[in-house]
Amino acid sequence: MSTPSDSYVLHDHSPSTDNDDVDSLPSISSGILDSDDSEYDDHESDAQKEWEQSLEQLQLLMNLVLIPFAGKFLGRKFAYWSWGRYMEWAHGVKVEWYNKTLFNIAGWIGAASTVSVAV
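Attention here is on the structure that accompanies the text. These numbers were taken from a predicted model, which means no experiment stands behind them. (Residues numbered from 1 in each chain as written. Predicted model: local features only at pLDDT ≥ 70, side-chain atom pairs only at ≥ 80, totals over all residues. Heavy atoms only, no water.)

Topic: empty space enclosed by the protein
Step number 1: Taken as a whole, this structure holds one cavity of 30 Å³ or more when the rule is applied.
Step number 2: Space inside the largest cavity adds up to approximately 40 Å³.
Step number 3: Contributing elements (two or more residues each) for the lining of the largest cavity: helix 2 (30-91) and helix 3 (100-113).
Step number 4: When residues of the lining of the largest cavity are assigned to their parent elements, the largest contribution, four residues, is made by helix 2.
Step number 5: Broken down by class, the residue content of the lining of the largest cavity amounts to three nonpolar, two polar and two charged. (1 Å grid on protein atoms, 1.4 Å probe; cavity = no way out; pocket = protein on both sides within 12 Å on 5 of 7 lines; lining within 4 Å. Points joined across faces, edges and corners; volume = space filled by probe spheres on them. Helix = DSSP H or I, 4+ residues; strand = E, 2+ residues; numbered from the N terminus. Nonpolar A, V, L, I, M, F, W, Y, C, P; charged D, E, K, R; others polar.)

Focus: the packing of aromatic side chains
Step number 1: One pass over the structure, following the stated rule, counts two aromatic pairs.
Step number 2: Measuring from ring centre to ring centre gives 6.4 Å for Tyr86 and Trp89, while their planes differ by 50°; the resulting arrangement is tilted. In this pair, Tyr86 and Trp89 both sit in helix 2, three residues apart, roughly one turn of the helix.
Step number 3: Classification of Tyr86 as partly exposed rests on a relative accessible area of 43%.
Step number 4: For Trp89, a relative accessible area of 72% gives the class exposed. (Phe/Tyr/Trp six-rings, centres within 6.5 Å; stacked < 30°, edge-to-face > 60°. Buried < 20%, exposed > 50% of the residue type's maximum accessible area, 1.4 Å probe, protein only.)

Examining the layout of surface pockets
Step number 1: In this model, the largest pocket occupies a volume close to 190 Å³.
Step number 2: Considering the residues around the largest pocket, the lining is formed by Lys77, Tyr80, Trp81, Gly84, Arg85, Glu88, Lys94, Val95, Trp97, Lys100 and Phe103.
Step number 3: Going through the elements one at a time, helix 2 and helix 3 are the ones with two or more residues in the lining of the largest pocket.
Step number 4: No other element matches helix 2, which puts six residues into the lining of the largest pocket.

Have a look at this one:
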């Protein structure tokens, strides 16, 4: 007769191992996995190179075009403002700009006319 503790134990009589299940699966060679990783790395490095080139182009645009243009425009505005203040202070002459739109347009044209882009 069986004891109560033996009745709850299930005995497996089949001689199977865990390796049998794994061996029956199709295998993938490690060379294929390595080539997929290298292709991914190539695409990633290409994207990184394109990103760096775009940043370099933006930096060149800022350094060669936008900053000199803004500097000339703001420099001219400051020069006219400081000249007007000096004339009021030293000579008592009030300097007024009657047509501010025309004055601003002339300032933009003057700043743009002397900006040269080195290519």
